[in-house]
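Listed below, chain by chain, are the residues.
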Amino acid sequence: MTDDQGEMMRRRIVAANWKMNMTSDEAGAFINTIREGINGKEAEVHIIPPFVDIAVVKDALKGTDILVGAQNMYYEDKGAFTGEISADMLTCLGVHSVVIGHSERRNIFSEDDEMINLKVKKALEKGLVPILCCGESLDTREAGKVSEWINAQIESAFSGISAQDAVKCIIAYEPIWAIGTGKVATTDQAQEVCLLIREKIKELYGSETAEDIHILYGGSVKADNCKELFECPDIDGGLVGGASLKPEFVDIVNA
Ligand code: PGA
């Protein structure tokens with residue numbers, strides 16, 4: 001896509017992170033209610049249900065251009081890893097993208113930067129689009145250490161990854177204090193960190209990769225605040241949790 005000046009424009013992306021919500025019955029019924037409202041829109045839409053709902057969601061989305069993602073995966077190909085899901089299992093179901101390093105995975109399930117880097121590498125190797133999450137806690141923000149923290153998360157997640165692969169990733173900036181709390185970052189705060197991420201990518205890979213890579217904002221995105229956020233120059237869309245479980249998600253995609 002190009003704009004009036006013939007410059008390359010990044011596409012808009014809205015991703016629905018359902019987290020641990022929706023049985024497969026509920027998932028199928030919900031997709032049927034929002035399907036027409038979100039299909040064929042300018043934005044690229046990813047529905048990211050729990051693993052066990054993927055097949056049902058895929059089926060309910062047949063005939064649309066809506067993509068299906070997964071919320072996590074393991075970095076080994078196969079073997080004795082009880083309870084884990086491999087990249088091949090996801091691609092076999094037609095999964096397009098995978099969320100990696102969500103703060104809930106980092107904080108509740110103790111995933112560290114090294115593991116997240118291994119997962120990003122494996123996803124890329126298997127042709128999945130990593131949706132890499134980063135974001136600071138309220139303590140880190142109040143200590144004035146946001147840029148230090150975000151730069152370290154990005155550097156570590158992209159360690160050993162080529163520019164050619166890096167540009168395929170989607171980065172989601174999700175301040176932990178804004179997730180599920182109803183406290184949305186101001187557009188200035190969100191834009192500032194998304195720009196900082198783009199600058200870090202430029203430092204690591206050069207300006208072309210930095211211009212082309214997609215950066216989303218996540219954290220209490222709702223129909224009534226998304227437009228302002230999505231208009232920020234360095235925000236290419238949103239990763240939506242709570243509001244993606246409601247019909248309101250259609251309005252967010254349309255914004
Ligand atoms: P939220 O979640 O929209 O419910 O704040 C966003 C996320 O965690 O991806």
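First, a word on what this report is: a plain description of the structure on this page. Remember, predicted model here, so these are calculated numbers, not experimental data. (Residues numbered from 1 in each chain as written. Predicted model: local features only at pLDDT ≥ 70, side-chain atom pairs only at ≥ 80, totals over all residues. Heavy atoms only, no water.)

**Considering the overall build of the chain**
For the record, the criterion: Here a helix means four or more residues in a row that DSSP labels H or I, a strand means two or more in a row labelled E, and each is numbered from the N terminus. Atoms counted for the radius of gyration: C-alpha only. Globule rule: 2.2 Å times the number of residues to the power 0.38. Between buried and exposed lies partly exposed: a residue is buried under 20% and exposed over 50% of the maximum accessible area for its type, with that area taken using a 1.4 Å probe on protein chains only. Contacts are assigned to residue pairs that have any heavy atoms within 4.5 Å of one another. A 1.4 Å probe and the Shrake-Rupley method give the accessible areas. Residues count as covered only by the protein chains that appear here. For the purpose of charge, His is not counted, nor are the chain termini; Lys and Arg are scored as positive and Asp and Glu as negative. Working definition for charges: the position is that of NZ of Lys, CZ of Arg, CG of Asp or CD of Glu.
Along the backbone of the chain there are 12 helices and 8 strands. Computed over C-alpha atoms, the radius of gyration of the chain comes to 17 Å, within 12% of the 18 Å expected from 2.2 N^0.38 for 255 residues, which places it in the range of a compact globule. When its C-alpha atoms are laid out on the principal axes, the chain stretches across 45 × 45 × 40 Å. Expressed as a percentage of its 255 residues, the buried residues of the chain come to 50%. Counting only contacts in the chain whose residues sit at least 6 apart along the sequence, the fraction spanning at least 24 positions is 71%. For the chain, the exposed surface amounts to about 11,900 Å²; the carbon and sulfur share of it is 50%. Where the 25 positive side-chain charges of the chain centre and where its 42 negative ones centre are 3 Å apart.

**Overview of the environment of Glu 211**
In this structure, Glu 211 sits in helix H10 (residues 207–212). In this structure Glu 211 comes out as partly exposed when scored by relative accessible area, which is 48%. C-alpha separation for the pair Glu 211 and Arg 198, spaced 13 residues apart in sequence, amounts to 7.5 Å. Setting aside chain neighbours within four positions, we find Glu 211 in contact with Arg 10 and Arg 198.

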